[in-house]
Amino acid sequence: METHQLHPDTWVDLYADYLYNYAVARVNDAEIAKDLVQETFIAGLKSAKNFKGDAAERTWLIAILKRKVIDHYRKINSKKGKAEVRMNYSAQTDAEGDWLEERIADPNSNFENDALENEELGLAIQKCIAKLPKKQAQVFTMKTIEGMETEDICNALGINASNLWVMIHRARTGLMGCLNQNWF
C-alpha cells in the first residue's frame, strides 16, 4: 500500500477550491465556508505530526473539514434559546424615543409584521431548498443566493452552462411549488 506524504505548501493551490465547494454546499454561506477552509488548513498544520500516510492528502483534509462543519452546526445549535429580547429603534423614522413597542401599539402600523413575515418566508425557503435534489439545491444556492458567476459554478461542479440553467429552472419550479403549498 502506498504511503502518502503531506505537502502543506501546496494545499491552497491544490485543495482550496475543492474544500471551499465542499464546505459551501454544506453550510450554504460563502463567508462561513471560507472560514471553515482556513480552519481546516490550520488544523491540518497543527496535526500534521498525526498524519499516518494511509489516506491521500485531500482525503485527510476533507475528514478535518467534515469535523469543522459538524462543529459549526453544534456551535449554532448551542446558541439556540439563548437569544435575548432587545428594544430597537424603528428603522422607518428618525424620531428620538420612537421605540418599537410604541409602533406595535399603533393599530395603523404594519411594521410589527414585516420582520416576522420575512423570517417565516426565509425559513420556508430554506425548508423548500432542503427538499430539492442535492445538485439542484447546490446550483440554485450558488447562483441565486450567493451570486456566483455561471462560469465559476460550471468549473466548480464540472457541468456546462446549459445544464446549469436547466437545473436552476427546475429548482425554481420546485421551489415555487413548495412555497405555494407551504407558505402562500
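Residues numbered from 1 in each chain as written. Predicted model: local features only at pLDDT ≥ 70, side-chain atom pairs only at ≥ 80, totals over all residues. Heavy atoms only, no water.

Chemist: Talk me through helix α7 (residues 150-157); I want residue IDs and the actual numbers.
Modeler: Looking at α7, one finds that the buried residues are Thr150, Ile153, Cys154 and Leu157. Angular distribution of buried residues about the axis of α7 spans 100 degrees; they occupy a single face of the element. Opposite its buried face, α7 presents the exposed residues Glu151 and Asn155, each directed more than 90 degrees away. The inward-facing, buried residues of α7 abut α6 (134-145) and α8 (161-182). Gly158 sits one or two residues past α7 and shows a positive phi near 70 degrees. (Buried < 20%, exposed > 50% of the residue type's maximum accessible area, 1.4 Å probe, protein only. Helix = DSSP H or I, 4+ residues; strand = E, 2+ residues; numbered from the N terminus. Arc of directions from axis to C-beta. Contact = heavy atoms within 4.5 Å.)

Chemist: Summarise the confidence of the model for the protein chain; cite the residues concerned and give the values.
Modeler: Averaged over every residue, the pLDDT of the protein chain is 78; the share at 70 or more is 76%. Of all secondary-structure elements in the protein chain, the lowest mean pLDDT belongs to helix α4 (residues 100-104), at 39, while helix α2 (residues 30-46) reaches the highest, 94. Between residues 81-113, whose pLDDT stays under 50, and residues either more than four places distant or in other chains, the model counts 23 contacts. (pLDDT = per-residue confidence, 0-100.)

Chemist: Just give me the short version of the packing of aromatic side chains, but keep the residues and values in it.
Modeler: A full pass over the atoms with the stated rule returns three aromatic pairs. Both rings, one in Trp11 and one in Trp60, keep their centres 6.1 Å apart while their planes meet at 55 degrees; by these two values the pair is tilted. One end of the pair, Trp11, is in helix α1 (residues 11-27); the other, Trp60, is in helix α3 (residues 57-79), with 49 residues separating them in the sequence. Relative accessible area serves as the criterion here: at 1%, Trp11 is assigned to the buried category. (Phe/Tyr/Trp six-rings, centres within 6.5 Å; stacked < 30°, edge-to-face > 60°.)

Chemist: How would you sum up the environment of Gln136? Please name residues and give values.
Modeler: For Gln136, the position within the fold is in helix α6. On the basis of relative accessible area, Gln136 is assigned to the buried category, the value being 14%. Separated by 28 residues in the primary sequence, Gln136 and Leu164 place their C-alpha atoms 8.7 Å from one another. Not counting residues within four places of it along the chain, the set of residues in contact with Gln136 comprises Met167, Arg170 and Ala171.

Chemist: Tell me about the nonpolar core, and please be specific about residues and values.
Modeler: With 22 residues, the main nonpolar core has Trp11, Leu19, Phe41, Trp60, Leu61 and Leu65 as its most contacted residues. Taken together, the elements giving at least two residues each to this core come down to α1, α2 and α3. With nine residues, α1 is the largest single contributor of residues to this core. (Core = buried A, V, L, I, M, F, W, Y, C linked by side-chain atoms within 4.5 Å.)

Chemist: Before we move on, could you go through the packing of α1 against α2 and cite the residues and values that matter?
Modeler: Here α1 crosses α2 at 130 degrees, and the two axes come no closer than 8 Å. By the criterion of interaxial angle, the relationship of α1 to α2 is oblique. Viewed along their axes, α1 and α2 form a crossing whose handedness is right-handed. Judged by residue contacts, Trp11, Val12, Ala16, Leu19, Tyr20, Ala23, Val24 and Val27 of α1 engage Ala30, Ile32, Ala33, Lys34, Leu36, Val37, Thr40, Phe41, Gly44 and Leu45 from α2. Among the residues making up the contact of α1 with α2, the classes are represented as 15 nonpolar, two polar and one charged. (Axes fitted to C-alpha atoms, helices over the stretch in contact; angles between N-to-C directions. Parallel < 35°, antiparallel > 145°, perpendicular 65-115°, else oblique. Left-handed = near helix turned anticlockwise from the far one by under 90°. Nonpolar A, V, L, I, M, F, W, Y, C, P; charged D, E, K, R; others polar.)

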